[in-house]
Amino acid sequence: MLTSDFHTHSSFSSDSKTTMEDMVIQGIKLGLTKICFTEHQDFGYPTIEPGMDFQLNIAAYKKQFDLLKEQYKNEIQLLFGIELGMMDSVVQQNQEIASSYPFDFIIASCHLVDSMDPYYGEYFKLHGEKEGIHHYFETIYENIQLFTNFDVLGHLDYIVRYAPNLTVNYTPLDYFDTIDMLLKKIIELGKGIEINSSALKYHLGQTHPHSLIIKRYKELGGEILTIGSDGHAPEHLAFDFPSVREELLTCGFQYYTVFENRKPTFIPL
Ligand SMILES: [Zn+2]
Ligand SMILES: [Zn+2]
């Protein structure tokens with residue numbers, strides 16, 4: 001059983017209404033041994049909807065985290081993390097926040113491409129489906145040349161969730177030139193990728209990333225991988241982790257990774 005969820009949100013993230021404590025209580029109920037909170041911070045996020053600015057009140061977050069960590073220390077280990085949105089124009093701000101707080105774990109994600117959130121339709125209108133997906137992978141590759149103060153790359157290929165035909169026309173094989181460069185760079189930097197189970201809850205028939213990418217990562221020598229639900233509500237915590245475990249075993253992995261004080265530990269699957 002996978003007992004660590006390393007990608008979770010609470011109401012400190014703009015897109016969650018759940019209290020941190022409700023996530024913790026659910027984690028204990030599920031028998032988890034570790035939860036890492038990875039609240040959103042997306043510098044430069046455009047104003048589109050009121051309240052959805054993805055700017056983290058980190059002092060308040062840290063205060064609440066410290067309280068709960070202590071309160072529940074005999075039942076579950078809580079880890080202090082963050083999900084930083086990468087973009088070339090915010091490298092300095094990301095550097096600053098990454099080095100200013102005692103994070104256990106940092107996920108670097110790409111939520112904005114050319115300052116556009118593909119969640120909204122205009123991105124794919126502009127690029128078309130295949131080119132839009134390709135441009136997303138290229139953008140991540142460019143971002144990790146500029147910003148490296150992270151532990152794992154978040155939900156690689158989650159852009160397909162917003163593609164005009166979802167995953168119907170998607171195979172990672174069409175993008176392997178860019179994906180290979182990206183994975184090689186991640187390995188060279190000593191970083192990892194995360195296996196994000198949220199796509200399973202949307203019935204997309206894959207994790208992020210797709211199993212073909214996970215297999216390729218293994219072939220290239222990748223070892224560091226964390227597992228996260230990207231849950232924004234208690235019912236999504238550790239979502240379908242048994243399927244993720246099966247997938248990783250099928251892809252040839254025997255261990256997954258957890259982090260504390262930014263240092264990886266490998267745990268048998
Ligand atoms: Zn994300
Ligand atoms: Zn997230």
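What you see as residue numbers is a count from 1 along each chain, following the sequence as written. Think of it this way: whatever chain is written first is A, whatever ligand is written first is 1, and the rest follow in order. Where local features are concerned, this predicted model is filtered to residues with pLDDT of at least 70; where side-chain atom pairs are given and counted, the filter is 80 or more; whole-chain, interface and lining totals use all residues.

Further remarks concern the overall build of the protein chain. To qualify as a helix, a DSSP run of H or I must reach at least 4 residues; to qualify as a strand, a run of E must reach at least 2; elements of each kind are numbered from the N terminus. If you tally the helices and strands in the protein chain, you get nine helices and nine strands. For 269 residues, the compact-globule formula gives about 18 Å, and the C-alpha radius of gyration of the protein chain, at 17 Å, lands near that figure. The C-alpha extent of the protein chain, read off along each of the three principal axes, is 50 × 45 × 35 Å. Partly exposed residues are those falling between the two cut-offs: more than 12 but fewer than 20 other C-beta atoms within 10 Å of their own, whereas 20 or more means buried and 12 or fewer means exposed, with C-beta atoms placed from the backbone. Per-residue burial for the protein chain yields a buried fraction of 43% across its 269 residues. Of the contacts made within the protein chain by residues no fewer than 6 positions apart, 77% connect residues no fewer than 24 positions apart. In this setup the radius of gyration rests on C-alpha atoms only. A globule is expected at 2.2 Å times the number of residues raised to 0.38. Residue pairs are scored as contacts if the distance between their C-beta atoms, which are placed from the backbone, is within 7 Å.

Another aspect to go through is helix α2 (residues 58-71). By definition here, a helix of n residues has an expected span of 1.5 Å times n minus one. Relative to the 20 Å expected for 14 residues at 1.5 Å per residue, α2 spans 20 Å between its end C-alpha atoms, a close match to the ideal helical length. Along α2, the positions that sit buried rather than exposed are Tyr61, Phe65 and Leu68. Taken around the axis of α2, the buried residues stretch over an arc of 70°, which confines them to a single face. Exposed side chains of α2 directed beyond 90 degrees from the buried face belong to Ala59, Ala60, Lys63, Asp66, Leu67, Glu70 and Gln71. By definition, the arc is the one covered by directions from the helix axis to the C-beta atoms.

The buried fraction of strand β3 (residues 77-85) is high, at eight of nine residues. Two strands are said to pair when DSSP picks up at least two bridges between them. Judged from the eight bridges that link them, strand β2 (residues 34-41) and β3 form a sheet pairing that is parallel. Within β3, the position partnered with Thr38 by the bridge is Gly81. By the criterion used throughout, a crossover qualifies as right-handed when its path from the first strand across the helix to the second strand runs clockwise, the strands pointing away from the viewer. Between the parallel pair β2 and β3, the chain is carried across by α2, and the sense of this crossover is right-handed. Relative to strand β4 (residues 105-109), β3 is paired through five bridges, and the arrangement is parallel. The residue bridging Ile82 from the neighbouring strand is Ile106, located in β4. Running through helix α3 (residues 91-100), the crossover from β3 to the neighbouring parallel element β4 is right-handed.

Turning our eyes to something else, we now look at the environment of Val258. Structurally, the position occupied by Val258 is in strand β8 (residues 255-260). Assessed through the 21 C-beta atoms surrounding it within 10 Å, Val258 is described here as buried. The spacing of Val258 and Leu79 is 179 residues in sequence and 9.9 Å in space, taken between C-alpha atoms. Ignoring any residue separated from it by four or fewer positions in sequence, one finds Val258 in contact with Ser4, Phe6, Lys34, Thr226, Thr265 and Ile267.

Axis separation between helix α5 (residues 129-146) and helix α6 (residues 176-188) bottoms out at 9 Å; the angle between their running directions is 25°. Considered as vectors, α5 and α6 are oriented roughly parallel to each other. Seen along the crossing, α5 lies across α6 with a hand that is left-handed. Contacts from His134, Phe137, Glu138, Ile140, Tyr141 and Ile144 in α5 reach Thr178, Ile179, Met181, Leu182 and Lys185 in α6. For the contact of α5 with α6, a count of residues per class yields seven nonpolar, two polar and two charged. A fitted line through C-alpha atoms serves as each axis, taken over the contacting stretch for helices, and the angle formed by two N-to-C directions is quoted from 0 to 180°. Should an angle fall under 35 degrees it is called roughly parallel, over 145 degrees roughly antiparallel, and 65 to 115 degrees roughly perpendicular, with every other angle called oblique. Crossing chirality is assigned from the near helix's rotation relative to the far helix, an anticlockwise turn below a right angle marking it left-handed and a clockwise turn marking it right-handed. Under this grouping Gly is polar, as are all residues other than the nonpolar Ala, Val, Leu, Ile, Met, Phe, Trp, Tyr, Cys and Pro and the charged Asp, Glu, Lys and Arg.

Omega for the bond connecting His208 with Pro209 falls within 30 degrees of zero, at 0°, which places this linkage in the cis form. Among the secondary structure elements, Pro209 is positioned in the loop between α7 (198-201) and α8 (211-219). Backbone geometry places Asp114, a non-glycine residue, at a positive phi of 50°. Structurally, Asp114 can be placed in the loop between β4 and α4 (122-127). For Asp114, a count of 11 C-beta atoms within 10 Å corresponds to the exposed category.

This part covers the sheet that holds strand β6 (residues 192-196). Pairing in this open sheet of seven strands is parallel, and the strands run β1-β2-β3-β4-β5-β6-β7 from one edge to the other. Each of the sheet's edge strands pairs with one partner strand only, and the pair in question is β1 (4-8) and β7 (225-228). In this structure, β4 lies alongside strand β5 (residues 152-153), joined through two bridges in parallel fashion. Bridge pairing in β5 places Ala108 opposite Leu153. Sheet strands touched by helix α1 (residues 20-30): β1, β2 and β3. Its angle to β2, the strand with the most contacts, is close to 150°.

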